[in-house]
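Below are the chains, spelled out letter by letter.
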Amino acid sequence: MSWVADTRTAAVGLGPASLRGLATRAAVLGRAAKPRIVALFAVTVLVATLLAGPVSAGATAAVVAAAALTVAGAAVLNNCLERDLDARMTRTRRRPTADGTLPAGTALAAGLLAVAGGVSAVWLCGGALAATFAAAGAAYYVLVYTLLLKPRTAYSSLPGGLAGVFPALIGWTAAGGGLTGPIVSLCVLIAVWSPPHFWALAFALQDDYLASGVPTPPAVLGEKAAAKLIFAAAAALVALTLVPVAAGLYGPVYLLVVAPAGLGFLLVALALARHRRRATALLLHKLSGPYLAAILAAMVAERLAHP
């Protein structure tokens, strides 16, 4: 019996075994939705909403949840399209679409349904413009980044970083924000954050990416040049975090957070450029998420300190 048919059967009789079956299938879909990415993008929506506000807590939660559903659907579609690639990599071979736990047809249907439902919910909660950004973000991530850029260029993260801009635009427009310095700054920082984040991972897991056939800077440029490129990208990101202070958008509260956080991030990138150790690259990748979270938190803290 197929995975979908099994789910329908389980839904008819809701005994303990059926409930366990439904929970298992929900967990499989949850793993395919890349919860870490969904969480990061949901935080981005929340931060943009708070910066543009004021918006009621209920409306904010609704927009964040709707956007998260859209992102989850796009992530499931990404997993479906990259299932053969994922199966060749140690890091991703246990993803449910790669190991066959989640059939491709089911993933495709679930992903499309989640995107459609999420975009519709964003429209209801945040308006037509926010919904347009939600739909455009899902399309960009699935069609442009996954299908066109990632398989063809080692520098896919440069334009690929734009995928992270759409959640910020969703939250900002849903809260009624116009084209102002804070949203421009937020979008630029998110886009520039993506290259050092992904390139550090590609450096740390070179063997995996070589096996997958996905082009990366270490494979194309060699380790020495790639490590210097990652440092340059990290330095550009850290420098850009200081631009809003120079422009008068944020003050001492923001600077108190981003200055030491940026220095620490830059020192790890410098160590990678000097010694080219894969463990250092992995550390840089793992630090990139908390570093971005610190920047976002600093923006909100400054906004709350000076409403």
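Just so it is clear, the model here is predicted, and its values are computed rather than measured. Within any chain, residue numbers begin from 1 and follow the written order of that chain's sequence. For a predicted model such as this one, the threshold for reporting local features is a pLDDT of at least 70, and the threshold for listing and counting side-chain atom pairs is 80 or more; totals across whole chains, interfaces and linings nevertheless cover every residue. To obtain the side-chain values, all non-hydrogen atoms of the structure were included, while hydrogens and water were left out.

1. Observations regarding the pattern of salt bridges
- What makes a salt bridge here is a side-chain nitrogen of Lys or Arg within 4 Å of a carboxyl oxygen of Asp or Glu, nothing more. One pass over the structure, following the stated rule, counts 4 salt bridges.
- Close ionic contact of arginine 278 with glutamate 223 constitutes a salt bridge, the shortest N to O distance being 3.7 Å. Taken as a pair, arginine 278 in helix H15 (residues 278–305) and glutamate 223 in helix H13 (residues 223–246) lie far apart in primary sequence, 55 residues in all. By the criteria applied, helices consist of DSSP H or I runs no shorter than four residues and strands consist of E runs no shorter than two, each listed in order from the N terminus.

2. Digging into a nonpolar patch on the surface
- There is a patch of nonpolar side chains on the surface, built from Leu81, Leu143, Leu147 and Leu148 and spanning about 350 Å² of accessible area.
- The greatest single-element share of the nonpolar patch, amounting to 3 residues, is contributed by helix H7 (residues 128–149).
- Mapping leucine 147 onto the fold places it in helix H7. For patches, a residue must show more than 30% relative accessible area and have no salt bridge; joins then use 9 Å for like charges and 5 Å for nonpolar side chains, namely Val, Leu, Ile, Met, Phe, Trp and Tyr. Only the protein chains shown count as covering a residue, and every accessible area follows the Shrake-Rupley method with a 1.4 Å probe.

3. Points about the nonpolar core
- Within this scheme, the nonpolar core is defined by two criteria: the residues are buried Ala, Val, Leu, Ile, Met, Phe, Trp, Tyr or Cys, and they are joined through side-chain atoms within 4.5 Å. Accessibility here uses a 1.4 Å probe with only protein chains present; expressed as a share of the type maximum, an area under 20% marks a residue as buried, one over 50% as exposed, and anything in between as partly exposed. In this structure, Leu186, Tyr254, Leu284 and Met299 are the most contacted members of the largest nonpolar core, which totals 50 residues.
- Taken together, the elements giving at least two residues each to this core come down to helix H3 (35–52), helix H9 (165–174), helix H10 (181–204), H13, helix H14 (252–275) and H15.
- For this core, the element with the most residues is H10, which contributes 14 residues.
- Contact partners of tyrosine 254, with chain neighbours within four places excluded, come to Leu189, Thr241, Pro244, Val245, Ile295, Ala298, Met299 and Glu302.
- Counting residues in hydrophobic clusters, the runner-up holds 35 residues, among them Phe41, Ala68, Tyr141 and Ala163. By the convention used here, residues are in contact when the closest approach between their heavy atoms is within 4.5 Å.

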